[in-house]
Amino acid sequence: MAPNEAGDELVFFVNGKKVVEKDVDPETTLLTYLRRKLGLCGTKLGCGEGGCGACTVMISKYDPFRKKILHHTANACLFPVCALHHVAVTTVEGIGNTKSRLHPAQERIAKSHGSQCGFCTPGIVMSMYTLLRNNPEPRMEDIEDAFQGNLCRCTGYRPILEGYRTFAKDMNCCGRVANGTGCCRSGKENTTNGGCCGGKANGPGCCGGKANGPGCCMNGKEDNVTMTSSSLFNSSEFQPLDPTQEPIFPPELMTQSNKQQKQMRFKGERVMWIQPTTLNELVALKSQYPNAKLVVGNTEVGIEMRLKNLLYPVIIAPAWIPEMNAVQHTETGITIGAACTLKSVEEVMRKAVADLPPYKTEIFQAVLEQLRWFAGPQIRNVAAIGGNIMTASPISDLNPVLMASGSKLTLVSKEGKRTVTMDEKFFTGYRKTIVKPEEILLSVEIPYSKKGEYFSAFKQASRREDDIAIVTCGLRVLFQDGTSRVEEIKLSYGGMAPTTVLALKTCKELIGRDWNEKLLQDACRLLSSEMDLSPSAPGGMVDFRRTLTLSFFFKFYLTVLQKLSKSGTKTMCEPVPSNYISATELFHKDPIANAQLFQEVPKGQAVEDMVGRPLVHVSAAKQASGEAVYCDDIPHHENELYLTLVTSTKAHAKILSVDASEAQSVPGFVCFVSAKDVPGSNVTGIANDETVFAKDVVTCVGHIIGAVLADTQEHSRRAAKAVKIKYEELPPIVTIQEAIEKKSFFKDIKRINKGDVKKGFEESDHILEGEMYLGGQEHFYLETHCTLAVPKGEDGEMELFVSTQNPMKSQEFAANALGVPSNRIVVRVKRMGGGFGGKETRSTILTSVVAVAAFKTGHAVRCMLDRDEDMLISGGRHPFLGRYKVGFMKNGKVKSLEVQYYSNGGNSVDLSHGVMDRALLHLDNSYNIPNVSSVGIVCKTNLPSNTAFRGFGGPQGMMIAECWMSDVARKCGLPPEEVRKLNLYHEGDTTHFNQKLEGFTLRRCWDECLSSSGYHARKKLIEEFNKQNRWKKRGMSIIPTKFGISFTVPFLNQAGALLHVYTDGSVLLTHGGTEMGQGLHTKMIQVASRALGVPTSKIYISETSTNTVPNTSPTAASVSADINGMAVYNACQTILKRLEPIKQSNPKGSWEDWIKTAYESCVSLSATGFYRIPEVGYDFEKNEGKPFSYFSYGVACSEVEIDCLTGDHKNIRTDIVMDVGTSLNPAIDIGQIEGAFVQGIGLFTMEELRYSPEGNLYTRGPGMYKIPAFGDIPTEFNVSLLRDCPNSKAVYSSKAVGEPPLFLSASVFYAIKDAIYSARKDSGLTEAFRLDSPATPERIRNACVDIFTKMCPSAEPGTFKPWCVRV
Ligand SMILES: Cc1cc2nc3c(=O)[nH]c(=O)nc-3n(C[C@H](O)[C@H](O)[C@H](O)COP(=O)(O)OP(=O)(O)OC[C@H]3O[C@@H](n4cnc5c(N)ncnc54)[C@H](O)[C@@H]3O)c2cc1C
Ligand code: FES
Ligand code: FES
C-alpha cells in the first residue's frame, strides 16, 4: 500500500444533519456507522449480505449528469461508508417517531398489523417510504415490486400489503383492481367471479366484508346469531400522505455536486479507498494498482470481504466518472457505461422497448426479463452492469444474454482502448476473464436485434424473487431472410459449468436447419450431451439442471414458433398446439385479494373492554419508527468488549491444538476464552450432554471451541479468523440413513401402540407401504442470537440481556457455568426479533459463553451472531424419515397403521425427545385409526443439535400421515377429500393415545372450508384447465389439522405473573412469557385490562426478567397466552379482592380513587399470580393419561399452478378456517395463522438446508437459503375464524394459535402433488409416486417425468460422491 496519502474529509448528510468524517475506515459499512457511530439503531442487521432488507435506508443524491435529485433504497449492510461523499441518507428515524408524528408509511404498517416482531419493519418502512418519495401515487404492482428485497419471517406479508394498499391508486377495499370485474366501488355489477373479492362470495358480501373504509357495503351486516367482521383496521383513521411535508434535499449537496470534484482518498487500517473523478485518473490508478478492486455497488466485493474473508488493500471507486455512466444509442445498439446501475439499465431498456420497433428490441426485452428477477431493488439500485460482467459468476443473469447476443465490451487501459465481443473466449475460468489486471471495462454495447432474429432469456431459481439462478440462459436465433431456416443460433447457459458457456456444438449442428419438430428433437439430444454435468458437480441438483437446459430450449422453440407464425413467415412446421401455448407465457402476477373474517364482540360489550377486539400490537408503532429496542440496540457500556466465537470446521474430530497467538496481533485483541476459563461447570445442555466449550473432541461443524474478545466487532471477527486449530478427523455420521446403518440413536425410544395392528391388516382390503423424508428448517428469525453480559462487580452478580424465549434456562445455565447460585444472575428480555422455537434452548449456548467471557474480563461483553454463524451453530427443525404400512378398506377407511419415525437429532439430546414425542402424538393428524403401532427414534449424528421449531415435531408427524392418506385415496381411486373426511374423528372419539376428543370442532371447520373455498366447483375448473394445458398444471388440496395444546412435559405447564399498581393508578405488569412478535404482551394487557376493569392504556409491560417472575417456563408450545393469561388473571383477582372493601365504601369512585385510598390504607398494591394447567400428563409405557389440555383445529384448502417444464409453482389461492376459541385478539390470531402458514409454505415447498457429505452446512445465509418472500404468498388468501366455539380450558374462552396453523400449509404441498399427478398422467404414469418435502422446483420438475427428464437420466447412486446429502 502507498504511504499515508489519506486525510480527505468525507461529507454526507444523515436525516438532514451534516456529518463530516475525517477518519473513516473503508471497511466500515453504512450500517455499522449508523448503529455504532451515530447511535441510530433503527436500521437493523438481519444478514449482512443484502439478502433480507432489514437494513434498508434511502439514499438521495443530486445527479449532475441528469440534473435531478434521485432517491433510491440501498442495503446499508453492503454500502461502504466511503461511497457516501456528497450523499444524503435517510433512516427510519428520519421520517417520523412516536414522540412527534409517525410518517404514514410507519403508521399504516403498524395499524394494519403488519409488524409482529418488528425486526424487519424499519426496512420495509424505508422501502415504502422511498417508493412514495419517487411516486406518491404508486400502483399496487409498484408496491409489490418495491418489496422484492425485503423479508419478513412473522407476518406472512398479507397485512403489510393490505396496509400499504391504502396508498395505491388502483386498488379498492379488498384487493381487486378498481374498475376490474364487478368492484363494489366502481358501481359495476358482480359478474363471473362474484365481484371485486374475486369470488369470495361465501363470506358475507361482495368483498368478504372487507370493511376497510367506512363505506364498505358489508359494514354491520348481521347474520342470525353473531356479527362477523373483516375490519381489522380502519383506514379512515390514517393520516393522509402529504408529499409537500417531506424533508428537502440538503441544498449544500446540490451546490457541491455541481462543482468540479476532486480525487478523494480514505485510508483505514487495512484498506485504502480512492475515488477518482476522471477517466484518465482512473486509468492511471489502475495501472499503478493493477490488483485493486473497482467498486461501484460493492454487492460482490462486500460479500467477498465479509463472508469469504478476502482482503483488497486498494479499492477504486469509479462511480462518479462521466464516461462510466454514459448511455449512447449507436447505429448497432445501445452503449451503456460500466458503472451504470442495473436500475438505470432497466430504465434505458424500458424506454428503448417503448420507443423502437419490436423487432429491434428482442434482446432488450430479454435483459428486462432477467432484471425483473435480478436480486431486489436495493441491490439493483446500486449494483452496476460492469460489476456483474466482471465478477464473471457462472450464474450471472446478464452474461448469458450478453454472450448470446454477442454484446461488445470496450476495455480501456494506459495502452488505449480495445473492443472485445463477449463470446466463448471471454471467460477463461471460474470468475476469470480475458480482461487484463490493468484494464478497466468502460462500457458494454447491447445490440439491436434484426428482422428475423428472436431472443429469449429464462432463469430458474429456488425462489422467484431475489434469488440467484440455478440455471439461467440467453437463447438467440436468426433466420434466413423470410424463412424459418436457421442462419445463426447462439445458446448461452449459466449454471452449467464454471463459467457462462455457449453450446457451440449444438449450435453448429442447427445452422441451416428448419425450425421444426426434428430440429427440436436434435437440439435436445445434442444439448443433453453437450450440457452435461458430473453427478458430483458443485451446486448439486444435477439432473434438474440438465433437464432445465432442455426445458428452456423447448420454451424458446415454442416461443419462436409462435413469433414466426405471427410474423407471417412461411414455416414447414406445425403451429404451436393450443395446449402448449401456456408453456411460452412468462410469469405474471395477479392482483392480490384477501378476506379475513372474525366474530365481533357480543353486543353490549363495554367499549373500553378490549378483549376480543383487534387491538394493535402494543409495540407496533415503536417498531415501525425504529424506537423499539432489541438486544443489540442497547447502548454500549464503558469499555465494553465484543465477542466472536471460534467454532469447529470438522464434523467429528479430536482437537489436537488451539493456537491463538496470531490473533493476538490483531489490533484491539483482548483475550481468547476457552474451556479452561469456565469457573463453574463446563457441562451444560438440557440433558447435560453438552459443553460450554468443546475441550478434546468436536462433534459437529460449528461446535463452539472458544471465543475471542476485542474492542470492536470488526477486530474480534478478524482475530477469531486468525485462531488456528489442528484436528485429527474421526468418521462422522451425518444422515439419518447413516445413523440407522450404524445404530447411532439417543437412548429414549418411544412407542405408542393401540388396538391389534396385525388383526387390522388382516381385515384390510389393501395394504400399502411407503416412506417419506422431510427436510429440516432454519428458524431464520430476523434477529440472530444476541447476548449482552454486564458483570456487576460483587458477589458474582451479572445482568444478562438476552434474545431468548427461555429466561429461566439462560439464568440456570449461565449460573452453572459461572459457579454461582442462580440468585446472582438476572436475565432480562425486552423483546426478540422472532424466535419460533430457535431461542427456546439454543440461545443458551451463546449466553453461557458470553457470561464466562464477561466473568473473565470483568467487562461488559456483547455478541450478536452473524447470520452465517447463527445458521451454522444453532440447529433447526428436525429432518424426519417416516416409514409406514397402512391397511385400509376399499372405501378408503383406514384400519391399521404401522409407522417408524426417525429424526435427525444432531450431536446432543436438547429437546429432540420432546419433539419426537409430539410427532408420535400427532401421527394420526385428525384421523381415527383403530389400530396403531408406532415407534419414534432420535438419531445421534454429527450435526449441530436440532431443536424446537414452531409445531415441535407435530408438523412432521402429521405430514407423514397425509402422505399415506393421499396414497390410500389414490389406491382406492377415490377423491382425496372424500377419503380424508371419511376418516376424520367425530366428537367423543378417542385418539391413539387414548384421549377423548371433546368440543371437536374440526368437522365444522372442514365443512366451512369446503364450502367457502368453493372446492367442488373449482375442482371442475382445474380439471378443465389441466385438459387444456400440457405444460402448466393446477392442483388443489384440502387438509385438516388437530394440534394438542400443553407442554408434553407436565411441570412446564405453569406460569407466574407480578402486578404492581402505582399510586397514580398505572399498572406495571410482568409475567413469565417473552415477547417475540406473537403479541403476547398485547394479549396479556387485554386480559389484565378486562380483569381489573381499567383501560389498556393504564397497563404497561416493560420486559420479562428472572428477578420479577422466577422459574418461568419457556415461551413455547403455544400455551403462553393460556398459562400466563391465567396467572395475570389470578394476580388481578388478588388485587381486586384487596380493593373490594374500598370499592364498596366508594362505589362511585374511580380506579384512581380506589388505588389512592388503598395506598393510604396501607393495602398492598403488588400481587403475584400463578397458574398451572390441571390434569395433564401422559404415560407412554401405559398409553394412558392426558398429554393435552385441549386441541386447536383448522382446515385449509389451497390451489397451485406448476410449470411442468421448470418446476416453478405459484400459489393461487388459500382458504383457511381455524378454531381459535373466542379470540382474545382477532388481529393477532389471524396474524399468527397467516404467519405460521407462510412459514409452513417455506417448510414444505422452499426451504432446503444443504450439507456436504462431511456434514458441512452450505446454506448459511439468505443467499442460498430461501424463505418465502412477498411474492410467495397465495394471491388470494382468505382466513376465517370459526364462530361460536368458546374454549372452557383457557383464559376468556380463547385457544392457543401460535403453532397449530403451520401444518395447514401442507395443503400447498399436496396441491402441488395433485398437479404433478396430472402432469404424469399426460406421460402415461398413473401410479402413486414419492414426493419428499420440500416440494422444491427441483423435486417438482423431476417428478413431472417427460421426454426431457428421460434424456437426462440420473447417475447410479453409489457410483459417485454427491455434492450434498439429504441429512
Ligand atoms: C443479495 C444479492 C443478490 C444478487 N442477485 C443476483 C442475481 O439475481 N443475479 C446476478 O447475476 N447477480 C446477483 N448478485 C450479484 C451482484 O449483485 C451483481 O453481480 C452486481 O451486478 C455486481 O455489481 P456491483 O457494482 O455491486 O459490483 P462490485 O461488488 O462493486 O464489483 C464486482 C467486481 O467487478 C469488478 N468491476 C466492477 N466494475 C468494473 C469495471 N468497470 N472494470 C473492471 N472491473 C470492474 C470489481 O473489481 C469487482 O471484482 C446478487 C448479489 C447480492 C448481494
Ligand atoms: S442486513 Fe442488509 S440486507 Fe440483510
Ligand atoms: S415482523 Fe417481520 S420479521 Fe418479524
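This write-up is about the structure you can find in this document. Think of each chain on its own: its residues are numbered from 1, step by step along the sequence as written. To read the labels, note that chains go from A and ligands from 1, taken in the order they are written. Local features in a predicted model are, by the rule used here, given only for residues with pLDDT of at least 70; side-chain atom pairs are given and counted only at 80 or more, and totals for whole chains, interfaces and linings are based on all residues. Water and hydrogen atoms play no part in the side-chain values, which are based on all heavy atoms of the structure.

1. Description of the sheet that holds strand β7 (residues 264-267)
To keep it simple, the criterion reads: DSSP bridges decide pairing: two strands pair if at least two such bridges lie between them. Comment: elements are numbered from the N terminus, with helices defined as DSSP H or I runs of at least four residues and strands as E runs of at least two. The contact rule is simple, with two residues in contact once any of their heavy atoms fall within 4.5 Å. Working convention: axes come from line fits to C-alpha atoms, limited for helices to the stretch in contact. Angles between N-to-C directions cover 0 to 180 degrees.
Strands sit in the order β7-β8-β10-β9 across an open sheet of four strands; the sheet is mixed. At either margin of the open sheet sits one strand with a lone partner, and together these are β7 and β9 (293-294). In the packing of helix α7 (residues 279-288) onto the sheet, contacts are made with β7, β8 (272-275), β9 and β10 (314-316), and the angle to β10 comes to roughly 160°.

2. Overview of the sheet that holds strand β23 (residues 641-647)
Sheet architecture is open: eight strands sit in the order β25-β29-β23-β36-β33-β34-β35-β44, paired in mixed fashion. Sheet topology places β25 (669-674) and β44 (1104-1105) at the edges, where each strand pairs with a single neighbour. On top of the sheet, helix α23 (residues 843-857) reaches β23, β25, β29 (704-710), β33 (786-791), β34 (798-802) and β36 (861-864); it is set at about 30° to β33, its chief contact.

3. Some thoughts on the packing of aromatic side chains
Note the following rule: Only rings of Phe, Tyr and Trp enter the pairing, Trp through its six-membered ring, and a pair is recorded when the two centres are within 6.5 Å. The plane angle decides the type: under 30 degrees is stacked, over 60 is edge-to-face, the rest tilted. A 1.4 Å probe rolled over the protein chains alone gives each residue an accessible area, and that area as a share of the maximum for its type sets the label: buried under 20%, exposed over 50%, partly exposed in between.
Per the counting criterion, the structure on display carries 38 aromatic pairs. An angle of 45° between the planes, with centres 5.6 Å apart, marks the rings of Phe 1237 and Phe 1277 as tilted. Residue Phe 1237 is found in helix α33 (residues 1226-1246), and its partner Phe 1277 is found in strand β50 (residues 1276-1281); the two are separated by 40 residues along the sequence. By the burial criterion, Phe 1237 is buried, and Phe 1277 matches it.

4. A closer look at the site of ligand 1
Applicable threshold: Put simply, a residue is near a molecule or strand once any heavy atom of it comes within 4 Å of that molecule or strand. In protein, a polar contact requires one atom able to donate a hydrogen and another able to accept it; more generally it is a pair of N or O atoms within 3.5 Å, and residues adjacent in sequence count only if both atoms are side-chain atoms. Residue burial considers only the protein chains on display, and all accessible areas are found by Shrake-Rupley using a 1.4 Å probe. Each residue is assigned to one class: nonpolar for Ala, Val, Leu, Ile, Met, Phe, Trp, Tyr, Cys and Pro, charged for Asp, Glu, Lys and Arg, and polar for all the others, Gly among them.
Around ligand 1, 33 residues are found, and the nearest of them are Lys 293, Gly 297, Thr 299, Ala 384 and Asp 397. One of the side-chain nitrogen or oxygen atoms of Lys 293 is found 2.8 Å away from an oxygen atom of ligand 1. The separation between a nitrogen atom of ligand 1 and a polar main-chain atom of Leu 441 is 2.9 Å. Contact with the protein chains covers 92% of the free accessible surface of ligand 1, which is 1000 Å². Of all elements in the fold, only β9, α8 (301-307), α13 (385-391) and β17 (440-447) reach the threshold of two or more residues within the shell around ligand 1. If you tally residues by element for the shell around ligand 1, the top one is α13, at five residues. Among the residues making up the shell around ligand 1, the classes are represented as 18 nonpolar, nine polar and six charged.

5. Describing the environment of Ser 60
Turning to its location among the elements, Ser 60 is positioned in strand β3 (residues 56-63). What makes Ser 60 buried here is its relative accessible area of 3%. Distance in space between the C-alpha atoms of Ser 60 and Phe 13 is 9.5 Å, their sequence separation being 47 residues. Residues within four places of Ser 60 in sequence aside, it is in contact with Leu 70, His 71, Val 87, Ala 88 and Phe 249. A distance of 2.8 Å separates a polar atom in the side chain of Ser 60 from a polar atom in the side chain of His 71.

6. Things to note about helix α32 (residues 1151-1160)
Quick reminder of the rule: For this quantity, the arc is that covered by the directions from the helix axis to the C-beta atoms.
Within the sequence span of α32, burial applies to Trp 1151, Trp 1154, Ile 1155 and Ala 1158. The buried residues of α32 occupy an angular sector of 100° when projected down its axis, which confines them to one face. The secondary structure elements touched by the buried residues of α32 are β41 (1054-1061), β42 (1067-1071), α30 (1080-1092) and α31 (1120-1145). Positive backbone phi, at 55°, marks Cys 1162, one or two positions downstream of α32.

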